[in-house]
Amino acid sequence: MTIKENISLLPFNTFRMDVKAKIFAEYSSVEELRQLLDMYRGGKILHIGSGSNLLFTKDYDGVVLHSAMRRARCTNEDSDHVWIEADNGLVMDELIEQLCDMGISGMENLSHIPGEVGASAVQNVGAYGVEAKDVIESVRAVSLENGEERVFTNAECRYGYRDSVFKNELRGQYIITHVVYRLNKHFEPKLEYGNLQCEVGDKPTPMSVREAVVRIRRQKLPEVSELGSAGSFFKNPIVPREVYEAIAAQYERVPHFEQDGGVKIPAAWLIEQCGWKGKMLGGAQCYEKQPLVLVNRNNAAPEDIVNLAAAICKGVKEKFGIEISPEVNYI
Ligand SMILES: Cc1cc2nc3c(=O)[nH]c(=O)nc-3n(C[C@H](O)[C@H](O)[C@H](O)COP(=O)(O)OP(=O)(O)OC[C@H]3O[C@@H](n4cnc5c(N)ncnc54)[C@H](O)[C@@H]3O)c2cc1C
C-alpha cells in the first residue's frame, strides 16, 4: 500500500480541481484495504475511483482511498453466459474493450464512460439504453464499520436511474471491492437508442457497436483528457403530467419520455431554453455542444462550477417551475 500526505487531487478528478487531500492511500488487496480502515476508522474517509463524477469544492480534510486492484477473471460459464468478476479499480472501459475483443457482449453500449468498476456499480452508470444493473449479478463489498465482507445480490443493490442503495440507505457504509457481471456468449445488439443503428450499419458485432458508441460520444461529449468535466452535471427531472402539459402548450416541440409516475423532460432542453448553452461564469462553462455538461474551460475554481450550477438551477426553476438537481457528487 502507499500512503501520502497533503497531496494535490488534480490528477484524481476529471473536473481538474486543484484541491488537496490530507491523506491519500492506495491499496492493492482487500487485506490492505482492511488495514487502512483499521488505521483510519472513525475519521473522515472518501473512496474514489477516477473522480469522474465528483466535484471537490475544497481541500479534503480526511483520508482519500483509492484501489490499485485492476484484474478481472472468469468465474463461471454455461452455454449462453459468462460470469466475470472484476476488481473495483479496473477502468470499466478497459474491461469492456477486452470483452468486446473476445466477442462477449452485454456492456458494449457502456463503452467510453469514464470511471472504474467499483464506482460504476454505485452509480448504476448508463448509456444508449443499457445500465450497469442489466449486467451486474452481484457486488462484493467491505464494511467501513468493521471490515467485514458482504455480498449484495442485484436486487439488494436496489438499482434505479443513476442510483443504488450505496447512494442512499448505505451511503458511506461500504466500499465495493468486486463486481460480478453475467454476460452473453450470443450477441443480441441493443441499437434502438438514438442514432446507434445508423452508425453501426449491417452485421453488428460487440466490437463494431463499441466503436460506434465511442464515435458518437466523441462528437457530443468533452474528452476528459482535453477538457475538465464530470459528464452530465444534472439529472433529468421527472415531472407530473400536468406540468409537462403546461409547458407543451407554450412550446412547439418539447422532448419528453413517459415514465412511471410522470414525464421525464431532458434537463439539457430546459437549460438551453433558459439561454445557458455556451455561457460562462468565471472559468466554468455550460458546454456549447451539450448544455447538460458543465466544463472547466479556463482554470475554473470550485466556486465557479458551484455558482454556475446554482445559477442554472435557479434559471430553470424561475422559467419552468421545475427543480433540477446535480447528478455529480459535491465533496
Ligand atoms: C465525459 C464524461 C462522460 C460521462 N458519461 C456518462 C454516461 O454516459 N453515463 C453515466 O452513467 N455516467 C457518465 N459519466 C459519469 C461517470 O463516468 C460515472 O458516474 C462513473 O461511474 C464514475 O466513476 P469513477 O470511478 O470516476 O467514480 P468517482 O467519481 O471517483 O466516484 C463516484 C462516487 O462513487 C463512490 N465510489 C467510488 N468508488 C467506490 C467504491 N469502490 N465503493 C464505494 N463507493 C465508491 C465515490 O465516493 C463517489 O461517491 C461521465 C463522466 C464524464 C467525465
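The structure we're discussing is the one just above.
We now turn to the structure provided with this report. Per-chain numbering applies: the sequence of each chain, read as written, is numbered from 1 onward. Restriction of local features to residues with pLDDT of at least 70 applies here, the model being predicted, together with a cutoff of 80 or more for giving and counting side-chain atom pairs; totals for whole chains, interfaces and linings are based on all residues. Derived side-chain values reflect all non-hydrogen atoms in the structure, with water molecules and hydrogen atoms excluded from consideration.

**Some words on the packing of aromatic side chains**
- Aromatic pairs are defined between Phe, Tyr and Trp rings, using the six-membered ring for Trp, whenever the two ring centres lie within 6.5 Å; interplanar angles under 30 degrees are classed as stacked, those over 60 as edge-to-face, and all others as tilted. One pass over the structure, following the stated rule, counts 10 aromatic pairs.
- In textbook terms, an aromatic cluster arises when at least three aromatic residues are bridged by ring pairs, as seen for Phe15, Phe233, Phe234 and Tyr330.
- Across from the ring centre of Tyr60, 4.7 Å away, lies the NZ or CZ of Lys44, which sits over that ring.
- We call a charge positioned above a ring when the Lys NZ or Arg CZ atom is no farther than 6 Å from the ring centre and deviates by at most 35 degrees from the ring normal. Across the ring face of Tyr161, the terminal group of Lys264 is positioned such that the distance to the ring centre comes to 4.4 Å.

**Details of the nonpolar core**
- By convention a nonpolar core is built from buried Ala, Val, Leu, Ile, Met, Phe, Trp, Tyr and Cys residues, the set being connected through side-chain atoms within 4.5 Å. Remark: exposure states derive from per-residue accessible area (1.4 Å probe, protein chains only) relative to the maximum for the residue type, with buried under 20%, exposed over 50%, and partly exposed in between. Counting 45 residues, the largest nonpolar core has Phe234, Ile271, Leu294, Ile312 and Ile324 as its most contacted members.
- Secondary structure elements follow DSSP: runs of H or I no shorter than four residues count as helices, runs of E no shorter than two count as strands, and numbering proceeds from the N terminus. Elements supplying a minimum of two residues to this core: β2 (20–27), β3 (45–48), β4 (54–55), β5 (60–67), α6 (241–250), α7 (267–273), β18 (284–286) and α8 (302–320).
- Take this core: its biggest share by element is seven residues, from α8.
- Mapped onto the domain boundaries, this core takes at least three residues apiece from domain 1 (2–67) and domain 3 (228–330).
- By the convention used here, residues are in contact when the closest approach between their heavy atoms is within 4.5 Å. When near neighbours in sequence (up to four residues on either side) are disregarded, Ile312 contacts Phe234, Ile271, Trp276, Cys286, Leu294 and Ile324.
- By size, the runner-up hydrophobic cluster in this structure holds 42 residues, among which are Met92, Leu110, Ala127 and Tyr181. Delimitation of the domains relies on an automatic or database domain assignment.

**Considerations on the environment of Ala127**
- Position of Ala127 relative to the elements: it lies in strand β8 (residues 126–127).
- Apart from the residues lying within four places of it in its own chain, the contact partners of Ala127 are Asn109, Leu110, Ile113 and Arg217.

**Concerning the site of the ligand**
- To be near a molecule or strand, a residue needs just one of its heavy atoms within 4 Å of it. Around the ligand, a shell composed of 33 residues is seen, among which His47, Gly49, Ser52, Asn53 and Pro114 lie nearest.
- Two N or O atoms form a polar contact when they lie within 3.5 Å of each other; inside protein one atom must be a possible hydrogen donor and the other a possible acceptor, and for residues adjacent in sequence the pair counts only when both atoms belong to side chains. A distance of 2.7 Å separates an oxygen atom of the ligand from a polar backbone atom of Pro114.
- Computed by Shrake-Rupley with a 1.4 Å probe, the accessible areas treat only the displayed protein chains as cover when residues are assessed. Coverage of the ligand by the protein chains reaches 93% of its 990 Å² of free accessible surface.
- Counting residues per element, the ones that place at least two in the shell around the ligand are β3, α3 (117–123), β8, β12 (174–184) and β13 (228–232).
- Sorting elements by how many residues they give to the shell around the ligand places α3 first, with five residues.
- Counted by class, the shell around the ligand contains 15 nonpolar, 15 polar and three charged residues. Here the nonpolar group is Ala, Val, Leu, Ile, Met, Phe, Trp, Tyr, Cys and Pro; Asp, Glu, Lys and Arg are the charged ones; every other residue, Gly included, is treated as polar.

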